[in-house]
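Commentary on secondary and tertiary structure
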Amino acid sequence: PELTSTPNFVVEVIKDDTKQTLVLDCHYPEDEIGHEGEEESDIFTIREVSFQPTGEADWKDTNYTLNTDSLDWALYDHLMDFLADRGVDNTFADELIELSTALEHQEYIKFLEDLKSFVKCQ
């Protein structure tokens, strides 16, 4: 089977006039990968949404995180449109898969070469 890498990714939206960052945790659902020709559906989903302090190196676990399973579908659609307006859409998600898969393939080949070198009898 062809190796395809579908990494989770986080989108941080920062507004200059606030001290908060909107954080959207996104992932690729397993049942959506490889469904070509279905342009109407999104190939990634938003799993969680939270606000975190802008400029903090570590996010606070105590901040409320909304799981989108319990989110109203209309608000969820607005969040997806919000991302699309900022360039995080199916095109971006496809390009991320391509890049991640290429890197994964490159690392896999390097690993095999290192393994061969390591176990090689001398």
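Owing to the predicted nature of the structure, the values given are computational and were not obtained by experimental measurement.

Attention now goes to the overall build of the protein chain. Secondary structure assignment for the protein chain yields 2 helices and 4 strands. Tracing the protein chain from N to C terminus, the helices and strands come up as β-β-β-β-α-α. The C-alpha radius of gyration of the protein chain comes to 19 Å, more than 25% above the 14 Å expected for a compact globule of 122 residues. The buried share of the protein chain, reckoned over its 122 residues, is 27%. Contacts spanning at least 24 positions in sequence make up 54% of the contacts within the protein chain whose residues lie at least 6 apart. Just so you have it, the protein chain exposes about 9,400 Å², and 51% of that area is on carbon and sulfur atoms. Charged side chains of the protein chain number 8 positive and 30 negative; the gap between the two group centres comes to 12 Å.

This brings us to the side chain of Ser100. Looking at where Ser100 falls in the secondary structure, it is placed in helix α2 (residues 90-119). If near-sequence neighbours (up to four positions away) are discounted, Ser100 is found in contact with Ser5 and Pro7.

Evaluated as defined, the whole model comprises 1 salt bridge. Where Lys110 meets Asp114, a salt bridge forms, and the shortest distance between an N and an O atom there is 2.9 Å. Taken as a pair, Lys110 and Asp114 lie in helix α2 at a separation of 4 residues, close to a single helical turn. Residue Asp114 is classed as partly exposed on the basis of its relative accessible area, which comes to 42%.

Criteria and thresholds
- Residues numbered from 1 in each chain as written.
- Predicted model: local features only at pLDDT ≥ 70, side-chain atom pairs only at ≥ 80, totals over all residues.
- Heavy atoms only, no water.
- Helix = DSSP H or I, 4+ residues; strand = E, 2+ residues; numbered from the N terminus.
- Rg over C-alpha atoms; globule rule 2.2 N^0.38 Å.
- Buried < 20%, exposed > 50% of the residue type's maximum accessible area, 1.4 Å probe, protein only.
- Contact = heavy atoms within 4.5 Å.
- Areas by Shrake-Rupley, 256 points an atom, 1.4 Å probe, with all protein chains shown as cover.
- Lys, Arg positive; Asp, Glu negative; His and termini not counted.
- Charge placed at Lys NZ, Arg CZ, Asp CG, Glu CD.
- Salt bridge = Lys/Arg side-chain N within 4 Å of Asp/Glu carboxyl O.

All quantities given are derived from atomic positions and should not be read as evidence of function.
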